[in-house]
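If you want the building blocks of each chain, they are given just below.
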Amino acid sequence: MKPIRLAIDVGGTFTDVFVFDEDTRSISVTKTSSTPSNPEQGILDGIEKAKIKGGDIKVFSHGTTVGTNALIERKLPKTALVTTKGFRDVPEIRRGTKLDLWDAYKDNAKPYIQRRDRFEINERIDFNGNILTPVDLNEVRQLAQKLKKRGTESIAVCFMNAYVNGENEKIVKEILQEELPNVYVCASSEVLPEIFEHERMSTTIVNAVLGPIISKYISTLEGEMEQKGYEDDILVLHSGGGVMTSSTVPRYAARIASSGIAAGAIASKHIAKLCGFNNAIGLDMGGTSTDISLMYDGDIRITKDWYIEYGYPIGFPSIEILTIGAGGGSIAWKDEGGSLRNGPQSAGAVPGPACYMRGGVEPTNSDANLVLGRLGANLLDGSMHLNQERAEQAVNKIAEEFHYSTVEAADAIIELANANMCDALRLISVRRGYDPREFALVAFGGAGPLHGAYLAKEMEIPTVIVPPHPGVAAAMGCLLVDVRHDLSKTYVRKFDEVSSEELDLEFSALEKEAEKLLDDEGVAKDNATLMRYIEMRYSGQWRSLAIPISSKTPSLLETLEAFHQEHEREYAFSNRNQSVEIYGLQLTAIGTVPKPEFPKYGPSGSLEDALKEIREVYFENEFVPTKVYDREKIPVTSEIHGPAIVEQLDATTVIPPEYTAVVDEYKNIIITVNK
């Protein structure tokens, strides 16, 4: 019996490894440096460092930044777009918007497929799905030969109105695959059969440019794991908070664009529920960025409005995550107006913060925390030493610019980083109609526990939860997800003109497709769950809300009332006298995967045994003698009064003055403000 459940999260700076042994119910974690030029190597290094044999692995699930990095760095295969005549420039026109409307000099990123690689053919389907102009087979074959001469590696096919009838796309795809058997081809009617040509085309293009990259990555990783003795499926986390098997990943490559980011939100949800909270905000602060997610009433917010680069949306459902450039490696700098800034530039893994002694010289959050005494000089159980002198030299650059002392400059850097993160917390909570005072803050990532208590104080969040292994919590999240597929269909009808029976027929067709996908993934019928959603909106509007349907014969009046209530909460407006229309149908297919049951612990030892040292730490304008504890030795039920520092392999937790922390039976540190 294979006892090991292995989860790996490949981040921009570190690759995190989380190991759960089913026999002993023990947990072990480790970290290794990421290898962006060869992402498989970071995974293999992590497995080797964890001293795991491939033959002992029962489940291997991981999140990866391969897709994200490829889009950002534009290291993409030569890709072509085949579209309807007259629509070649949709990727250029987009929606005509900019991320910053008031910056006339900042342009959007260039399209992933340049104009010279976008081709038109004669075909046309009307809005009802009737074929007005059939595909000319000879025209497609001639185009295939042209693409072959150009060395095209991937092709996106996106025709107008293909969402209602994909027959023309199907014909073109079959011809291209016949003429170019080694080229990756995907069609919009299979990838995202939804209205709005820009969003559908953009998603199909992203799928096409990532398809060959993800396919190569998965096949290489499979080969390496087989050599280690692991022969089961490699599970890959996708944007919707589920996993796909390696055989399905290439088909929906665009879903991997935010693979690693989603893992942290899943972990945050699990940790909060374990501690008895149904409302929680996840704060995943790593070396480069901070990812913020929100769970309300036990459910994580899902969005279909997301992108890696503005202007190129990806239409698959995704966990709503707000990412800002605030991490341990974020660089502090002075702008042209003479103001102090923090991020989004980052020192990354190489050269890293100045205190890492890898060549970095710019002041970062890690350098500032070291100067303030909040970070110790030794990380990763002593395997990584931080240089205090280098940190002070870097922070002095800010001190000289603003006529501060070194400590004042370090404090200003951290306060600004905290302010940036509070702004992001407000965007995902207050702006969405949620009161932060009703939530717990789950602080994780390598740097999250350093800042969590300060953010909670500013946001009036009453509780901060720091999980047992905060630095690898996102990796743990990879073990807590199920196989998941999200299907959709555009279905525009007046709500009062639709019957339950009509909706049932439409959903039944989606369910057949979903059942086949789950069957291809090896999911037994007993472990499959299908959930229906109706996308609804007020007539005349374009923003829609997905309302769940609890049964196959829904009460449409109950569904309508649920829409009004959700619209009131989301937008602070509802009007029961205004007509409502259905915009689309969604189906979520879940294949339940057995998950580990983490152990509970009883008291053992004393808090005094965990005391490592007392050092001077900067709190509230002065250095204060502060107890520093070894987290591994802190017994459960312990109560820690701030100021205190808790150190461990993968993170450092700061408990400021006037705060009290309690360690629960799962070894979570729960921090509250003394009243």
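See the structure shown above.
The notes below deal with the structure included here. These numbers come from a predicted model, not from an experiment. (Residues numbered from 1 in each chain as written. Predicted model: local features only at pLDDT ≥ 70, side-chain atom pairs only at ≥ 80, totals over all residues. Heavy atoms only, no water.)

Attention shifts here to the overall build of the protein. Scanning the protein from N- to C-terminus turns up 15 helices and 37 strands. Taking 2.2 N^0.38 as the reference for a compact globule, 675 residues should give roughly 26 Å; the C-alpha atoms of the protein span a radius of gyration of 26 Å, in line with that estimate. Expressed along its principal axes, the backbone C-alpha trace of the protein runs to roughly 80 × 60 × 55 Å. Total accessible area on the protein stands at roughly 29,200 Å², and carbon and sulfur atoms take up 48% of it. Computed over 71 positive and 98 negative side-chain charges, the inter-centroid distance for the protein is 4 Å. (Helix = DSSP H or I, 4+ residues; strand = E, 2+ residues; numbered from the N terminus. Rg over C-alpha atoms; globule rule 2.2 N^0.38 Å. Areas by Shrake-Rupley, 256 points an atom, 1.4 Å probe, with all protein chains shown as cover. Lys, Arg positive; Asp, Glu negative; His and termini not counted. Charge placed at Lys NZ, Arg CZ, Asp CG, Glu CD.)

The relative placement of two packed helices is expressed as an angle between their axes plus a distance between the axes. Interaxial distance between helix α11 (residues 406–428) and helix α12 (residues 448–459) falls to 10 Å at its minimum, and their mutual angle equals 55°. As far as their axial angle goes, α12 and α11 are oblique. Handedness of the crossing formed by α11 with α12: right-handed. Facing α11, whose interface residues are Ile414, Asn418, Met421, Cys422, Leu425 and Arg426, α12 presents His451, Tyr454, Leu455, Glu458 and Met459. (Axes fitted to C-alpha atoms, helices over the stretch in contact; angles between N-to-C directions. Parallel < 35°, antiparallel > 145°, perpendicular 65-115°, else oblique. Left-handed = near helix turned anticlockwise from the far one by under 90°. Contact = heavy atoms within 4.5 Å.)

A separate point is the sheet that holds strand β6 (residues 118–121). Through backbone hydrogen bonds, the strands of a sheet pair up, either in parallel or in antiparallel fashion. The sheet built from 4 strands is open, its strands ordered β6-β5-β9-β10 with parallel pairing. In this open sheet, the two strands that pair with only one neighbour each are β6 and β10 (184–187). For this sheet, the mean angle separating the axes of adjacent strands, direction not counted, is 20°. With 5 bridges connecting them, strand β5 (residues 79–84) and strand β9 (residues 154–158) associate as parallel partners. Bridge pairing in β9 links leucine 81 to alanine 156. The strands that helix α4 (residues 137–150) touches are β5, β6 and β9; relative to β6, the one it contacts most, it runs at about 165°. (Pairing = 2+ DSSP bridges.)

On inspection of all chains with the given rule, the structure shows 40 salt bridges. Among the salt bridges present, the one from aspartate 423 reaches arginine 426, with a minimum N-O distance of 3.2 Å. On the criterion of helical spacing, the pair formed by aspartate 423 and arginine 426 is a turn pair, its members being 3 residues apart in helix α11. Since its relative accessible area comes to 45%, aspartate 423 is described here as partly exposed. (Salt bridge = Lys/Arg side-chain N within 4 Å of Asp/Glu carboxyl O. Buried < 20%, exposed > 50% of the residue type's maximum accessible area, 1.4 Å probe, protein only.)

So, on to the environment of asparagine 165. Here asparagine 165 is to be found in the loop between β9 and α5 (167–179). Distance in space between the C-alpha atoms of asparagine 165 and lysine 397 is 61 Å, their sequence separation being 232 residues. Filtering out sequence-adjacent residues up to four positions away, asparagine 165 remains in contact with Ile125, Gly129 and Ile131.

It is worth spelling out the nonpolar core at this point. Counting residues in each nonpolar core, the largest one holds 113 residues, and the members touching the most others are Leu6, Phe18, Phe60, Leu210, Met225 and Leu503. Here this core takes 12 residues from helix α7 (residues 197–227), the largest share from any one element. With residues near it in sequence (within four places) discarded, leucine 503 still touches Tyr491, Val498, Ile534, Leu556, Ile582 and Leu585. (Core = buried A, V, L, I, M, F, W, Y, C linked by side-chain atoms within 4.5 Å.)

What follows is about the side chain of threonine 68. By the element assignment, threonine 68 lies in helix α2 (residues 66–73). Classification of threonine 68 as buried rests on a relative accessible area of 12%. Other than its neighbours up to four places away in sequence, threonine 68 contacts Ala257, Ser258 and Ile308.

Our next topic: α5. Between its terminal C-alpha atoms α5 stretches 19 Å, which fits the 18 Å expected from 13 residues at 1.5 Å a residue. Taken together, the buried positions of α5 are occupied by Asn168, Glu169, Val172, Lys173, Ile175 and Leu176. Axial view of α5: buried residues confined to an arc of 165°, hence all on one face. (Expected span 1.5 Å × (residues − 1). Arc of directions from axis to C-beta.)

Attention now goes to the packing of aromatic side chains. What the rule picks out here adds up to 14 aromatic pairs. Between the aromatic rings of tyrosine 618 and phenylalanine 623, the centroid separation amounts to 5.2 Å while the plane-to-plane angle is 65°, which identifies the pairing as edge-to-face. Judged by its relative accessible area of 7%, tyrosine 618 is buried. Through a chain of ring-to-ring contacts, three or more aromatic side chains come together here, namely Phe18, Phe20 and Phe598. In this structure, lysine 334 packs its charged tip against the face of phenylalanine 402, placed 5.6 Å from the ring centre. Geometry around tyrosine 601 places lysine 667 over its ring, the cationic atom sitting 4.1 Å from the centre. (Phe/Tyr/Trp six-rings, centres within 6.5 Å; stacked < 30°, edge-to-face > 60°. Lys NZ or Arg CZ within 6 Å of the ring centre and 35° of its normal.)

Further remarks concern the pairing of strand β37 (residues 669–673). Sheet topology note: the strand β26 (residues 463–466)/β37 ladder contains 4 bridges and is antiparallel. What sits directly across from valine 464, in β37, is isoleucine 671. Note: strand β36 (residues 659–663) against β37, 5 bridges, orientation antiparallel. Pairing of alanine 661 across the sheet is with isoleucine 671, part of β37. The antiparallel pairing of β36 with β37 creates a hairpin that spans 5 residues between the two strands, and lysine 667 there sits at a positive phi of about 70°.

Scanning the entire structure with this criterion turns up 0 disulfides. Considering cysteine sulfurs only, cysteine 275 is the nearest to cysteine 478, which forms no disulfide, with 20 Å between them. For cysteine 478, a relative accessible area of 2% gives the class buried. (Disulfide = S-S within 2.5 Å.)

Turning next to the packing of helix α10 (residues 388–402) against α11. As a packed pair, α10 and α11 sit with axes 8 Å apart at the nearest point and diverge in direction by 85°. The pairing of α10 with α11 is recorded here as roughly perpendicular in orientation. Contact residues: α10 offers Glu392, Val395, Asn396, Ile398 and Ala399, while α11 offers Thr406, Ala409, Ala410 and Ile413. Among the residues making up the contact of α10 with α11, the classes are represented as 6 nonpolar, 2 polar and 1 charged. (Nonpolar A, V, L, I, M, F, W, Y, C, P; charged D, E, K, R; others polar.)

In this section: unusual backbone geometry. Of note, the amide linkage connecting glycine 343 to proline 344 takes the cis form, showing an omega dihedral of 0°. When you line up the elements, proline 344 lands in strand β22 (residues 340–346). Here glycine 642 and proline 643 are connected by a cis peptide whose omega angle stands at 5°. Here proline 643 lies in the loop between β33 (639–641) and β34 (644–647). Although it is not a glycine, aspartate 297 sits at a positive phi angle of roughly 55°. Here aspartate 297 is to be found in the loop between β14 (290–296) and β15 (299–300).

Within helix α1 (residues 39–49) the residues assigned to the buried category are Pro39, Glu40, Gly42, Ile43, Leu44, Gly46 and Ile47. Those residues of α1 that are buried lie in contact with β1 (4–10), β2 (14–21), β3 (26–33), β4 (57–63), α2 and α7. Looking one or two residues beyond α1, the residue adopting positive phi is lysine 51, at roughly 60°.

On to the environment of serine 34. Looking at where serine 34 falls in the secondary structure, it is placed in the loop between β3 and α1. Sequence separation between serine 34 and serine 405 is 371 residues, and the spatial gap between their C-alpha atoms is 35 Å.

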